[in-house]
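# Working through the structure, step by step
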Amino acid sequence: FLYFIEPGAAVGFAAMISITGIAARHFWLGSRRNASSLAERMAQRGPLPPINAVVDEPNEKERGLPPHVAEAHAIAVKGGNETYTDPDTGLTVFTRQAHLNRGRCCGSHCRHCPYAHANVPGQKRLSVQQSTKSKVYTKTGDRGTSSLFTGERRRKTDPVFEALGTIDELNSFIGVAIATINDEQHTRTRSVLESIQRYLLDAGSIVATPDKNKSTDLGFTPAAWTATLESEIDQMDESLPPLDQFILPGGSVSSAHLHVCRSVCRRAERAVIAVRESEANANTKLFIDTQRFLNRLSDYLFVAARFTNTTPEKRRS
């Protein structure tokens, strides 16, 4: 089920074509030798550090950063941001704080990994036999069904998949909005939106598990996400003029995209409510908190649309 692909998945061997006879035997023996030598090297290395053990010292990538890039990262961390823009490349980079919030090394050899890259290739917790690449297509849904997070298969027209698809659509629209926010005045908004994208992936996991006996084991905290949004709404709203009339969606490009996100978010909330009404096991605190998160998210997107449509000078006036 493609909503929950773990980033940094191990890359397997490419398929070999037209291998016959002795050539196939040599390939098989070579693979056995490579696997054996890798296992031997891992055994000689000794026990690996836990993938969630924080290392205070800079990792090898951080030690090689130019001073001005390291300073940009330090400023972002001090401001509580999960991303910053590399001044040399213009690319968005996750901060050390973002990885700390994640709680473990993802294995992608990230620039600011605080876990000493404990789960990168060569140090993976996966065995050689497990290190295989997954195909994008599985053909299991060709007959119009798909799997919930619990493994149960249902028709793709099921209310659960309608909710999942709408949450995915919302996440994609937020990605478009993020791509339009390039000015330094709204770096905080961009960072919060990127965090929201990760929250939405977790929200999808909750919606895909409408089982009160299993959903409580997911470890997600949508109530905390809602509290974060409320804090961000209050901070932005303090600098905005009072709203005494209806506003037309539009304005700047980023503001217009955020209004689209807001309206899609409302639809996602309605879809989740439909799941609660149709699933006897969906009325758990976790599920209800997820619905509240989507409700508050639409409020956040409305305020963010107003906020990105104004300059600091206009907000002060």
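Report follows, based on the coordinates. (Residues numbered from 1 in each chain as written. Predicted model: local features only at pLDDT ≥ 70, side-chain atom pairs only at ≥ 80, totals over all residues. Heavy atoms only, no water.)

The next subject is the overall build of the protein. Summing up its helical and strand segments, the protein has 10 helices and four strands in all. Helices (α) and strands (β) of the protein occur, in sequence order from the N terminus, as α-α-α-β-β-α-β-β-α-α-α-α-α-α. Per-residue burial for the protein yields a buried fraction of 37% across its 317 residues. Expressed as a percentage of contacts within the protein between residues at least 6 apart in sequence, the contacts between residues at least 24 apart total 66%. For the protein, the exposed surface amounts to about 18,400 Å²; the carbon and sulfur share of it is 55%. (Helix = DSSP H or I, 4+ residues; strand = E, 2+ residues; numbered from the N terminus. Buried < 20%, exposed > 50% of the residue type's maximum accessible area, 1.4 Å probe, protein only. Contact = heavy atoms within 4.5 Å. Areas by Shrake-Rupley, 256 points an atom, 1.4 Å probe, with all protein chains shown as cover.)

Moving on: the packing of aromatic side chains. Geometrically, a pair of aromatic rings is defined through the distance of the ring centres and the angle of the planes. Using the criterion set out here, one finds three aromatic pairs in the structure. Plain terms: the ring middles of Y199 and W225 are 5.1 Å apart, the flat faces sit at 10 degrees to each other, and that makes the pair stacked. You can see Y199 sitting in helix α6 (residues 187-207) and its partner W225 sitting in helix α7 (residues 222-238), a full 26 residues away along the chain. Each member of the pair, Y199 together with W225, is buried. Judged by centre distance (6.1 Å) and plane angle (85 degrees), the ring pair of Y199 and F293 falls under edge-to-face. A residue pair is termed long-range when its members are at least 10 positions apart, and Y199 in helix α6 and F293 in helix α9 (residues 285-308) qualify at 94 residues. (Phe/Tyr/Trp six-rings, centres within 6.5 Å; stacked < 30°, edge-to-face > 60°.)

With that settled, the discussion passes to α6. The end-to-end C-alpha separation of α6 is 30 Å, in line with the 30 Å expected for 21 residues at 1.5 Å each. For α6, the buried fraction is high: 15 of the 21 residues fall into the buried class. (Expected span 1.5 Å × (residues − 1).)

On to the nonpolar core, then. Among the nonpolar cores identified, the biggest contains 45 residues, and L170, L193, I196, L200, L297, Y300 and L301 are the most heavily contacted of them. Every element with two or more residues in this core is listed here: α5 (159-180), α6, α7, α8 (253-278) and α9. In terms of residue count, the dominant contributor to this core is α9 (11 residues). (Core = buried A, V, L, I, M, F, W, Y, C linked by side-chain atoms within 4.5 Å.)

Okay, the packing of α5 against α8 next. Helix packing geometry: the angle between the two helix axes and the distance between the axes. Relative orientation of the contacting elements α5 and α8 amounts to 165 degrees, with a least axis distance of 8 Å. Between α5 and α8, the angle is such that the two are roughly antiparallel. In this structure, the crossing between α5 and α8 has a hand that is left-handed. (Axes fitted to C-alpha atoms, helices over the stretch in contact; angles between N-to-C directions. Parallel < 35°, antiparallel > 145°, perpendicular 65-115°, else oblique. Left-handed = near helix turned anticlockwise from the far one by under 90°.)

Now for the environment of R306. Looking at where R306 falls in the secondary structure, it is placed in helix α9. Residue R306 is classed as buried on the basis of its relative accessible area of 14%. Put simply, R306 and D237 are 69 residues apart on the chain and 9.1 Å apart in space, counted from C-alpha to C-alpha. Filtering out sequence-adjacent residues up to four positions away, R306 remains in contact with D237, L240, P241, P242, L243 and I247.

Looking at the secondary structure, you find S191 in helix α6. Among the residues examined, S191 registers a relative accessible area of 2% and is labelled buried. Polar contacts involving the side chain of S191 include one to the main-chain amide nitrogen of E82, which spans 3.0 Å. Setting aside anything within four residues of it in sequence, one finds S191 in contact with N81, E82 and T83. (Polar contact = N/O pair within 3.5 Å; in protein donor to acceptor, adjacent residues only side chain to side chain.)

Moving on, we get to the side chain of E194. On the secondary structure map, E194 appears in helix α6. With relative accessibility at 9%, the residue E194 sits in the buried group. At 2.7 Å, the side chain of E194 forms a polar contact with the side chain of T83. Those residues in contact with E194, other than ones at most four positions away along the chain, are T83, T92 and I178.

Functional significance is not addressed by these values, which are geometric in nature.
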